[in-house]
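Per-entry structural report
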Amino acid sequence: MLPLLLASSSAYRRELLARLQLPFTCSSPDIDESHRQDEPAVELVKRLAEEKARALAGSHPAHLIIGSDQVAVLGERIIGKPHTFEKAREQLLASSGASVTFLTGLALLNSQTGHCQVDCVPFTVHMRTLDAARIERYLHAEQPYDCAGSFKAEGLGVSLFQSTEGPDATSLIGLPLIRLIDMLLAENVQIP
């Protein structure tokens, strides 16, 4: 098996990939993650996932490189990581009683052959109706400022959900393992 490389510095993605019990290393790619004008969200995350994987191919010429990118979509608007309390509060107020769809782009690049598999896995969270006091309590407790949509699904953020739907709950956290396993199997990786 070619060595696995996760093209990410995300602790969340590292924890998810570790579930597969395969040896891997991590390296953070340096790419421009700007949204192109009129680029649909699905195409954005697929493009960025592939660009992250390809950015490391030169320095890792015989690897299976995993790239992933995620955005949250509320209505027609892409909402990203809030970075501040104020922006997180705005995002959660806007999400109250609504549905937020997380689109996770995934790429697996065989840097030896150049073969690249790319996909997007959606996951929808239906939010409870949230008042300002509940939102502020949540933000003070968990401080999810590095999370698209302003909540940590693997933590206390689940208390904000009415229900969820999608093919792979791990995609909500940022690395869709079910689809990744399909891709790894196509590269003859044995799991387990």
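Owing to the predicted nature of the structure, the values given are computational and were not obtained by experimental measurement.

**Some details on the UniProt feature "active site" (unreviewed entry) in the protein chain**
Mapped onto this numbering, the UniProt entry annotates "active site" (unreviewed entry) at Asp69. Along the chain, Asp69 turns up in strand S3 (residues 64-74). Apart from the residues lying within four places of it in its own chain, the contact partners of Asp69 are Arg13, Glu33, Val45, Leu48, Ala49, Lys52, Leu103, Thr104 and Gly105. One polar contact links Asp69 to Lys52, side chain to side chain, over a distance of 2.9 Å.

**Observations regarding the environment of Glu154**
Mapped onto the secondary structure, Glu154 falls in the loop between helix H4 (132-142) and strand S7 (161-165). For Glu154, a relative accessible area of 42% corresponds to the partly exposed category. For Glu154, the residues in contact, after removing those within four places along its chain, are Tyr12 and Ile173.

**Focus on the UniProt feature "site: Important for substrate specificity" (unreviewed entry) in the protein chain**
Here the UniProt feature "site: Important for substrate specificity" (unreviewed entry) sits at Tyr12, Gln70 and Glu154. Of the annotated positions named here, the largest pocket is lined by Tyr12, Gln70 and Glu154. Take Tyr12: it is sitting in helix H1 (residues 11-18). The residues touching Tyr12, leaving out its near neighbours within four places in the chain, are Asp146, Cys147, Lys152, Glu154 and Ile173.

**Topic: the packing of helix H3 (residues 85-95) against H4**
For the pair H3 and H4, interaxial distance at closest approach is 10 Å and the crossing angle is 135°. One element, H3, and the other, H4, form an angle in the oblique class. Note on packing geometry: the crossing formed by H3 with H4 is right-handed. Within the contact between the two elements, H3 uses Phe85, Ala88, Arg89, Leu92 and Leu93 and H4 uses Ala132, Ile135, Glu136, Tyr138, Leu139 and His140. Classifying every residue of the contact of H3 with H4 gives 8 nonpolar, 1 polar and 2 charged.

Basis of the calculations
- Residues numbered from 1 in each chain as written.
- Predicted model: local features only at pLDDT ≥ 70, side-chain atom pairs only at ≥ 80, totals over all residues.
- Heavy atoms only, no water.
- UniProt positions renumbered as here; feature names shortened; annotations may be inferred.
- Helix = DSSP H or I, 4+ residues; strand = E, 2+ residues; numbered from the N terminus.
- Contact = heavy atoms within 4.5 Å.
- Polar contact = N/O pair within 3.5 Å; in protein donor to acceptor, adjacent residues only side chain to side chain.
- Buried < 20%, exposed > 50% of the residue type's maximum accessible area, 1.4 Å probe, protein only.
- 1 Å grid on protein atoms, 1.4 Å probe; cavity = no way out; pocket = protein on both sides within 12 Å on 5 of 7 lines; lining within 4 Å.
- Axes fitted to C-alpha atoms, helices over the stretch in contact; angles between N-to-C directions.
- Parallel < 35°, antiparallel > 145°, perpendicular 65-115°, else oblique.
- Left-handed = near helix turned anticlockwise from the far one by under 90°.
- Nonpolar A, V, L, I, M, F, W, Y, C, P; charged D, E, K, R; others polar.

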